[in-house]
Structures are given as structure tokens and as C-alpha cells.
Amino acid sequence: MTGNDAEGDNRAGAGVGVLPAEDLAALSGLEFLRGAMAGTYPLPPITETMPMRLVAVEEGRVVFEARPEARHLNPIGTIHGGFAATVLDGAMACAVHSHLPAGTAYTTLEIKISYLRGLAPDSGPLTAEARTLSVGRRAGTAEAHLRDGAGRLVAHGTSTCLIFRAG
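Here the structure is a predicted model, which means the values were calculated and not measured.

Quick look at the pattern of salt bridges now. Tallied over the entire structure, the rule returns seven salt bridges. Here R67 ties to E65 by a salt bridge, and the two come within 3.8 Å at their closest N and O atoms. Each of E58, R61, E129 and R131 takes part in a single network of salt bridges with overlapping partners.

Attention now goes to the nonpolar core. V62, F64, V87, L88 and L146 are the most contacted members of the largest nonpolar core, which totals 40 residues. Counting only elements with at least two residues in this core, the list comes to helix 2 (29–38), strand 1 (52–58), strand 2 (61–66), helix 3 (81–97), strand 4 (126–135), strand 5 (139–147) and strand 6 (153–165). No other element matches the eleven residues that helix 3 contributes to this core.

Per-residue confidence for the protein gives a mean pLDDT of 91; residues scoring 70 or more make up 93%. Low pLDDT, under 50, characterises residues 1–12; the stretch is placed with 43 contacts to residues that sit more than four places away or in other chains.

Turning our attention to the state of the cysteines. Taken as a whole and assessed by the stated rule, the structure comprises zero disulfides. In this structure C94 is a free cysteine whose sulfur lies 9.3 Å from that of C161, the closest cysteine sulfur available. Its relative accessible area of 7% is what places C94 among the buried residues.

Turning our attention to the side chain of R61. Mapped onto the elements of the fold, R61 is located in strand 2. Of the residues examined, R61 reaches a relative accessible area of 18% and is grouped as buried. Among the polar contacts listed, one links the side chain of R61 to the side chain of E129, at a separation of 2.8 Å.

What follows is about the packing of aromatic side chains. Tallied over the entire structure, the rule returns one aromatic pair. For the ring pair F32 and Y41, a centre distance of 5.6 Å and an interplane angle of 20° mean the geometry is stacked. Here the two residues F32 and Y41 agree in accessibility, since each one is buried.

Strand order in the open sheet formed by six strands is 1-2-4-5-6-3, and the pairing between neighbours is antiparallel. Both outer strands of the open sheet, strand 1 and strand 3 (104–115), are each paired with one neighbouring strand and no more. Across the sheet, the mean angle from the axis of one strand to that of its neighbour is 20°, orientation sign disregarded. Where strand 2 lies against strand 4, six bridges are found, and the strand directions are antiparallel. When the sheet's bridge partners are listed, V63 is paired in strand 4 with E129. Where helix 3 meets the sheet, it contacts strand 1, strand 2, strand 3, strand 4, strand 5 and strand 6, and its direction lies at approximately 140° from that of strand 3.

Criteria and thresholds
Residues numbered from 1 in each chain as written. Predicted model: local features only at pLDDT ≥ 70, side-chain atom pairs only at ≥ 80, totals over all residues. Heavy atoms only, no water. Salt bridge = Lys/Arg side-chain N within 4 Å of Asp/Glu carboxyl O. Core = buried A, V, L, I, M, F, W, Y, C linked by side-chain atoms within 4.5 Å. Buried < 20%, exposed > 50% of the residue type's maximum accessible area, 1.4 Å probe, protein only. Helix = DSSP H or I, 4+ residues; strand = E, 2+ residues; numbered from the N terminus. pLDDT = per-residue confidence, 0-100. Contact = heavy atoms within 4.5 Å. Disulfide = S-S within 2.5 Å. Polar contact = N/O pair within 3.5 Å; in protein donor to acceptor, adjacent residues only side chain to side chain. Phe/Tyr/Trp six-rings, centres within 6.5 Å; stacked < 30°, edge-to-face > 60°. Pairing = 2+ DSSP bridges. Axes fitted to C-alpha atoms, helices over the stretch in contact; angles between N-to-C directions.

What follows is the structure, given as C-alpha cells:
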């Protein structure tokens, strides 16, 4: 998730890094994600490797945009499946995060990804839309769909996240 918004790239905002744990714990998931999208909080370091950005967020729903590049090719000349898995995992985890109150953290316990089409550097921009299915005190589940620049479904997945007190 980069801190970008739907109207442009906010990389000039808070830079790249990780918000200190005590600052993150003081924010609800929705507050943090909205701040990240607005450029108030630093972009996660993964965005330097994976060109993806958060373009929409509301409680229980997030949308990421990603652009595969030649540097993400596997040995057979298609975009490595890990690219799609990372984008889907990020979107699903953030959908769960959007439900969490301040002082709560999460981590992905499992993901399941189904690939339907190969990707190439010119497949983008890709759009991953994730929605929560259930969020309780100890676990949250979400699903996501990844579409290519032509709107075709290229992969979909589900995730289970463990929810726990921060710190």
C-alpha cells in the first residue's frame, strides 16, 4: 500500500518507513489507512519493491492499484505469481485492519490464491478489491479479486488474519 490517493501520487508526503509501534497503536485501523492514503504516514518499505498503492478505503473494503513491471518476471517470462499474491494479501489484510480499534494489531495466518490468467508487464494497472467476510475478537477473514487493466479477473483469494492486542 503506498500512501497514494485516487487523485495522484503522495510519495512526497511522509516518505518511506514504518510508523513507530506506539503511534500506530494509538490509531484505529481505518484512521491509519486513511492517513496512509493521504500521505500523512510513511509508505511501507514494500512499496519500493512492489509498485502498489491504496486508492480507496472504507470500513471493511479497500482497493489497491498495482503495476507489474519487467523486474517482476519469472524465468518463463510472465509476472511471478508472488506479485499477485502479495497485492491480494496486502488488500485483504488492510480490509481486516480497517475494522480494528486502536490498540489492536493483526497478522496473516493463511492465504489461498487462485490464478486464472497470466500477467505481463503490460497487464496493468491491476486493481485488487478486498472485502471483509467476518471480523471478530480473535480472527478476521476477507476475500479479494484482482483484475487486469482490461477489467478481466486474473486471480482471487481469501485470507484469515489473527487479531491481537498491539504490543
